[in-house]
Amino acid sequence: AYEIYQCDWSSDVCSSDLWPAAPTVRRAQGRYEEAARFGEKAVAAITKRDGADSTQLVSPLVVVANNYRDWQRYDLAAETFRRAIALHDKYFGDAHPRTVTLMEDRASSLLLAGRIDEGLKLWAEVVDLWKFGLGPNHLREATSRRGYAAALRAAGRTADAAVQEDLAAKVQREWDLGR
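Residues numbered from 1 in each chain as written. Predicted model: local features only at pLDDT ≥ 70, side-chain atom pairs only at ≥ 80, totals over all residues. Heavy atoms only, no water.

Here's the deal with the overall build of the protein chain
Part 1: Across its full length, the protein chain carries 8 helices and 0 strands.
Part 2: Along the protein chain, helices (α) and strands (β) appear in the sequence α-α-α-α-α-α-α-α when read from the amino end.
Part 3: Counting the 179 residues in the protein chain, one finds 41% classified as buried.
Part 4: Restricting the contact set of the protein chain to residue pairs at least 6 apart, pairs at least 24 apart contribute 48%.
Part 5: Carbon and sulfur atoms provide 52% of the accessible area of the protein chain, an area that totals close to 9300 Å². (Helix = DSSP H or I, 4+ residues; strand = E, 2+ residues; numbered from the N terminus. Buried < 20%, exposed > 50% of the residue type's maximum accessible area, 1.4 Å probe, protein only. Contact = heavy atoms within 4.5 Å. Areas by Shrake-Rupley, 256 points an atom, 1.4 Å probe, with all protein chains shown as cover.)

Considerations on the packing of aromatic side chains
By convention here, two paired aromatic rings are described through the distance between centres and the angle between planes.
Part 1: Here the structure, examined in full by the defined rule, presents 0 aromatic pairs.
Part 2: Between the NZ or CZ atom of arginine 73 and the centre of the ring of tryptophan 71, over which it lies, the distance is 4.2 Å. (Phe/Tyr/Trp six-rings, centres within 6.5 Å; stacked < 30°, edge-to-face > 60°. Lys NZ or Arg CZ within 6 Å of the ring centre and 35° of its normal.)

Focus: the pattern of salt bridges
Part 1: All chains considered together, the criterion is met by 14 salt bridges.
Part 2: The partner of arginine 115 in a salt bridge is glutamate 118, with the nearest N and O atoms 3.0 Å apart.
Part 3: In this structure arginine 115 comes out as partly exposed when scored by relative accessible area, which is 29%.
Part 4: According to the relative accessible area criterion, glutamate 118 is partly exposed, its value standing at 34%.
Part 5: The closest approach of N and O atoms between glutamate 141 and arginine 145, which form a salt bridge, is 2.9 Å. (Salt bridge = Lys/Arg side-chain N within 4 Å of Asp/Glu carboxyl O.)

Nothing here speaks to function; it is all geometry.
Set out below in structure tokens:
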């Protein structure tokens, strides 16, 4: 593994293979500001070393986005997930399972930020990508439809939520029969 920094825990820098431990531990301790600062340092160092479109940025961006979400900085989380999605999509495509998972994370962050229409639109796209990326009646489609239904219900769109719940149940039944 190559080094981003020399390991120096007192100043929040360490090697590339260990760096995720520091923000993750700090986040678990509720030290969100420190976790964010450390993750942002890693993103800046990788960007400087490899460029702004490096695939090496995806994991650090996801760590930072999750930290922002736990810290209830939902707009920052959504923007950081957007950056990770753009990189992952560029190299692996929009139907790659990790890309779609990141899109789902961004959709939930948008909803938590109060950007309901934007979040619901993205969640609908996520459901379609699971369906077409993994094939019809895949378990991941059912799971995503249930999440989408919960988001629709929270937004007051109970009829639309019921449709998604029914579709999720149908997909789940088909999945169970095919196993």
